[in-house]
Number of protein chains: 2
Amino acid sequence: MATMKNIPLILMGCGGVGRQLLQHIVSCRSLHAKLGLHLRVLGVCDSKSLVVASDVLSNELNDNFLSEVCRVKVDGSSLLTLGGLGECQVFKNSELKEKVIDVASVMGKSTGLAVVDCSASSGTVGVLTRVVDLGCCIVLANKKPLTSTMEDYYKLVSHPRRIRHESTVGAGLPVISSLNRILLSGDPIHCIIGSLSGTLGYVMSEVEDGKPLSQVVRAAKSLGYTEPDPRDDLSGMDVARKALILARLLGRRINMDSIKIESLYPEEMGPNVMSVEDFLSTGISLLDNDIQERVRKASLNGNVLRYVCMIEGSRCEVGIQELPKNSALGRLRGSDNVLEIFSRCYSEQPLVIQGAGAGNDTTAAGVLADILDIQDLFP
Amino acid sequence: MATMKNIPLILMGCGGVGRQLLQHIVSCRSLHAKLGLHLRVLGVCDSKSLVVASDVLSNELNDNFLSEVCRVKVDGSSLLTLGGLGECQVFKNSELKEKVIDVASVMGKSTGLAVVDCSASSGTVGVLTRVVDLGCCIVLANKKPLTSTMEDYYKLVSHPRRIRHESTVGAGLPVISSLNRILLSGDPIHCIIGSLSGTLGYVMSEVEDGKPLSQVVRAAKSLGYTEPDPRDDLSGMDVARKALILARLLGRRINMDSIKIESLYPEEMGPNVMSVEDFLSTGISLLDNDIQERVRKASLNGNVLRYVCMIEGSRCEVGIQELPKNSALGRLRGSDNVLEIFSRCYSEQPLVIQGAGAGNDTTAAGVLADILDIQDLFP
């Protein structure tokens, strides 16, 4: 066995995914040790504060400390309360980003550093681009940096080996890694079509069974399948972000505003016009007939409706499509994600990747696999 | 753009996959150059001879030479005829392995070397283990080295980052890379069930439609879907090799003789007893009724029959299984491969990977993706 290799990292974002990642890191200690690896957590931050090991070159936040981080965040407290524990420094909002960049400039050229973004913030892109410039790696579950301007995007992917972002699309499903393999082998991807929202997958398959949209959405909300405001799912914006990430991966130089997005509710039922309660109690019922009619028409053609992202040639759109009942997408039931990839090698029948595309456990597992995937970049 | 990184490699095996790999390498030159990469082919060998660039530290076999290699092999000629072309050396059978090891010892510690096994030989394992010892990487489409003894297997995977073998299971389908991601993230895999033979997938779905086995196999042979002797497919040995590779990847310390293998023909119709012609004209017809009866019984339970590999706990077997019609495997039609993976993250619904699992193009594309995946190990 070679000597132990250290992968130093800083975690941004202590929501469900970030906390789950810390737990995975701790519970995988012996597995990773067998592989000669040690994931050395130097710092953890949320939107307001950052805790960093007092000496990043030799120390780390130990596993007890990481458990405390999780406990504090579950309790809804601030990381600032951890200042008294052990050898760490705590930084507030105003200093947070500069401190991360400081650590990156110390570690970047010597031991390497991975900055892991498990936040849902659009504010991390500046730190991430600086960190890449400083020779560090970035691992993202956060979609927003990759759906910012093309200028930001170019900066983030300027060293393609130093960025991983599997969990930005389909959670831990091996979507990005598989697409990268296909692209690197020179197999041109003609078309991607996928159902990338577990919520909308569930909604569309329930509606297909004849249930009214309003009833399905209310049930989905009470099952915890939707965002607190289900319109965040129904707007298609989350799927559009994933579509943009995939399109850019295929080399399309486009922005969010180039994507045709079909919202499942009209503007006059938007969050600025109507409360969540009004939308769920009265607004959405007005949409039942229209969608039921579309389901019926599709069914007459032997087809079903799916809310999909479709990338083909210059076309990049998300919305309801009529699809053959016996395609991978047409057969989809419940909340699984599915991606169909058509390329030279997969021309008649697509390469299909299907499975749970949401959940903190699988999302964090995807992030962890990404971190291990860049291990060869560390000395 | 950083300076160009060289990945020196030696290709073993110039059959369909090896030749296709050379063509892919040449046609991806500009794509890879954009990524700062150059795949430097130092040598190519078949079972009888090896051609190597005259000075492996500074030269390579250029693209014209590689085209000549392909032409010579398609014509059925020997690589020895290439001796007169340009600055290369040619070695015959007896010197072949020692020369590959020589090159590996020169390149291993300095520039690195990838030895790529696209042969179908069980004789390469000795060279491959030596090459790993010498600090080089190995990339395999050849299943046989990985299905040799556990002692050989341990040697081959002794440096897990230096071996890739995506194309040993499901051709270019991202099966091994996805399983590795899951395993590295500490997500325990409970069960793998897959249809890993395009030929047997085709046969089972045709038989399901009521066609006699004998007629289906004869048709498959005339379509070129089977080996020259279809019993090489029907024996299940090829699927068993894939099952063993997957089981070992999951940490099972087993050999081929631990795998329960169901052959679709009885011993008395084996290649040592009956000619291919007799088997196809008379032997196989005697099997029609039995399989049709099994199809019928399964159908009464709402199930279908599939020839699958199944790895669960200590169980590792390949053979016909009765499966729910509406599972990913049950829905499978034609020659696509499917793998269902059940783990903690994919517990209720499996992670499913499906697509073309055979063909030189996709197999070689998988090998090429593997080569690019180890690029960070090269200086």
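Within an unreviewed UniProt entry, the label attached to chain A reads Homoserine dehydrogenase, and the organism entered is Acer negundo. Database annotation for chain A, UniProt heading Sequence similarities (unreviewed entry): "Belongs to the homoserine dehydrogenase family." Looking at the Cofactor (unreviewed entry) heading of the UniProt record, one finds this comment for chain A: "a metal cation".

J.: Help me understand the overall build of chain A, please; the structure alone is not making it clear to me.
T.: A tally of regular secondary structure across chain A gives 15 helices and 13 strands. Taken over C-alpha atoms, the radius of gyration comes to 22 Å for chain A, in line with the 21 Å a tight globule of 379 residues would show. Reported as C-alpha extents along the three principal axes, the dimensions of chain A are approximately 65 × 50 × 40 Å. By the burial criterion, 58% of the 379 residues in chain A qualify as buried. Looking at chain A alone, contacts between residues at least 24 apart form 68% of all its contacts between residues at least 6 apart. Of the accessible surface of chain A, which amounts to about 14800 Å², a share of 50% is contributed by carbon and sulfur atoms.

J.: Honestly, the interface of chain B and chain A in this entry has me stumped. Any pointers?
T.: You'll often see interface size given as the accessible area lost when the parts meet. With 43 residues of chain B in contact, the opposing surface of chain A contributes 43 residues. Summed over both partners, the interface of chain B with chain A comes to about 3600 Å²; 52% of that surface belongs to carbon and sulfur atoms. Our count for the chain B to chain A interface comes out at six salt bridges. The salt bridge partner of B:Arg344 is A:Asp361, with a shortest N-O separation of 2.9 Å. Applying the counting rule to chain B against chain A returns 18 residue pairs in polar contact (both at pLDDT 80 or more). At the level of elements, α2 (29-34), α7 (176-184), β13 (351-356) and α15 (360-373) of chain B are the ones that each hand at least two residues to the side of chain B that touches chain A. Residue contributions to the side of chain B that touches chain A peak at nine residues, all from α15(B).

J.: So what exactly am I meant to see when it comes to the UniProt feature "binding site: NADPH" (unreviewed entry) in chain A here?
T.: Residues and elements named next belong to chain A. Per the UniProt entry, the sites bearing "binding site: NADPH" (unreviewed entry) are Lys-143 in this numbering. Within the secondary structure, Lys-143 is located in the loop between β6 (137-140) and α6 (150-156). Those residues in contact with Lys-143, other than ones at most four positions away along the chain, are Thr-168, Asp-238, Arg-241, Lys-242 and Ile-245.

J.: Can you walk me through the packing of aromatic side chains in this structure?
T.: Here a ring pair, both rings aromatic, is described through the centre-centre distance and the interplanar angle of the planes. If you walk through the whole model with that rule in mind, you get four aromatic pairs over all chains. Judged by centre distance (5.7 Å) and plane angle (70 degrees), the rings of A:Tyr265 and A:Phe279 are edge-to-face. Of this pair, A:Tyr265 sits in the loop between β9 (260-261) and α12 (276-283) while A:Phe279 sits in helix α12, and the two are 14 residues apart along the sequence. No difference in accessibility class separates A:Tyr265 from A:Phe279, as the two residues are buried. Look at B:Tyr202 and B:Tyr225: their rings are 4.9 Å apart centre to centre, the planes differ by 90 degrees, and that puts the pair in the edge-to-face class. Taken together, the residues B:Tyr202 in helix α8 (residues 198-208) and B:Tyr225 in the loop between α9 (213-222) and α10 (231-234) connect sequence positions 23 residues apart. You can call B:Tyr202 buried: its relative accessible area is 12%.

J.: Would you take a moment to explain the nonpolar core for this structure?
T.: Grouped burial of nonpolar side chains is what soluble globular proteins tend to show. A:Leu113, A:Ile138, A:Leu246, B:Leu113, B:Ile138, B:Val175 and B:Leu246 are the most contacted members of the largest nonpolar core, which totals 169 residues. If we ignore the near neighbours within four places in the chain, the residues touching A:Ile138 are A:Val115, A:Leu128, A:Val131, A:Val132, A:Leu156, A:Arg162, A:Ile163 and A:Arg164.

J.: Looking at this structure, I do not really get the relation of the copies chain B and chain A. What am I missing?
T.: Two copies of a chain can be linked by a rotation about an axis combined with a shift along that same axis. Of the two same-sequence chains, chain B is brought onto chain A (RMSD 0.0 Å, axial shift 0.0 Å) by a rotation of 180 degrees. The superposition of one copy onto the other is thereby described by a two-fold rotation axis. Measuring from the rotation axis to each C-alpha of chain B, the shortest distance belongs to B:Ile353, at 2.4 Å.

J.: Hey, could you run me through the sheet that holds strand β3 (residues 49-53) of chain B in this one?
T.: Backbone hydrogen bonds are what pair the strands of a sheet, in a parallel or an antiparallel way. Residue and element names in this part refer to chain B. As summarised here, the arrangement of the seven strands in space is β4-β3-β2-β1-β5-β6-β7, forming an open sheet in which the pairing is mixed. Only two strands of the sheet have a single neighbouring strand rather than two, namely β4 (88-92) and β7 (163-164). Pairing between strand β1 (residues 5-12) and strand β5 (residues 114-117): four bridges, direction parallel. Note that in β5 the partner of Leu-9 across the bridge is Ala-114. Each of β1, β2 (37-45), β3, β4 and β5 touches helix α4 (residues 93-107); the most contacted strand, β4, lies at about 130 degrees to it. Contacts between helix α5 (residues 125-133) and the sheet are confined to β1, β5 and β6 (137-140), with β6 contributing the most and set at about 145 degrees to the helix.

J.: How do you make sense of the pairing of strand β5 (residues 114-117) of chain A when you look at a structure like this?
T.: As a general feature of sheets, a regular strand has side chains that alternate between the two faces. All names here are of chain A. On β5, burial covers both faces: Ala-114 and Val-116 on one face and Val-115 and Asp-117 on the other are all buried. Where β5 and β6 come together, four bridges link them in parallel fashion. Looking at the pairing, Ala-114 lines up with Cys-137 of β6. With helix α5 (residues 125-133) bridging β5 and its parallel neighbour β6, the resulting β-α-β unit is right-handed.

J.: Help me understand the sheet that holds strand β10 (residues 303-312) of chain B in this model?
T.: What the twelve strands build is an open sheet, ordered β9(A)-β11(A)-β10(A)-β8(A)-β12(A)-β13(A)-β13(B)-β12(B)-β8(B)-β10(B)-β11(B)-β9(B); its pairing is mixed. Only two strands of the sheet have a single neighbouring strand rather than two, namely β9 of chain A together with β9 (260-261) of chain B. Together, β8 (189-195), β12 (336-343) and β13 (351-356) of chain A form the strand contacts of helix α7 (residues 175-184) of chain A, whose direction differs from that of β8(A) by roughly 170 degrees. Of the strands in this sheet, β8 (189-195), β12 (336-343) and β13 of chain B touch α7(B), which is tilted by about 170 degrees from β8(B).

J.: Looking at this structure, I do not really get the UniProt feature "domain: Homoserine dehydrogenase catalytic" (unreviewed entry) in chain A. What am I missing?
T.: Look at the UniProt record and you will see "domain: Homoserine dehydrogenase catalytic" (unreviewed entry) annotated at residues 174-372 of chain A. Helix makes up 43% of residues 174-372 of chain A and strand 22%, and the two end C-alpha atoms of the span are 14 Å apart.

Conventions adopted
Residues numbered from 1 in each chain as written. Chains lettered and ligands numbered in written order. Predicted model: local features only at pLDDT ≥ 70, side-chain atom pairs only at ≥ 80, totals over all residues. Heavy atoms only, no water. UniProt positions renumbered as here; feature names shortened; annotations may be inferred. Helix = DSSP H or I, 4+ residues; strand = E, 2+ residues; numbered from the N terminus. Rg over C-alpha atoms; globule rule 2.2 N^0.38 Å. Buried < 20%, exposed > 50% of the residue type's maximum accessible area, 1.4 Å probe, protein only. Contact = heavy atoms within 4.5 Å. Areas by Shrake-Rupley, 256 points an atom, 1.4 Å probe, with all protein chains shown as cover. Buried area = accessible area lost by both parts, 1.4 Å probe. Salt bridge = Lys/Arg side-chain N within 4 Å of Asp/Glu carboxyl O. Polar contact = N/O pair within 3.5 Å; in protein donor to acceptor, adjacent residues only side chain to side chain. Phe/Tyr/Trp six-rings, centres within 6.5 Å; stacked < 30°, edge-to-face > 60°. Core = buried A, V, L, I, M, F, W, Y, C linked by side-chain atoms within 4.5 Å. Least-squares fit on C-alpha atoms with pLDDT ≥ 70 in both. Pairing = 2+ DSSP bridges. Axes fitted to C-alpha atoms, helices over the stretch in contact; angles between N-to-C directions. Right-handed = clockwise from strand over helix to strand, strands pointing away.

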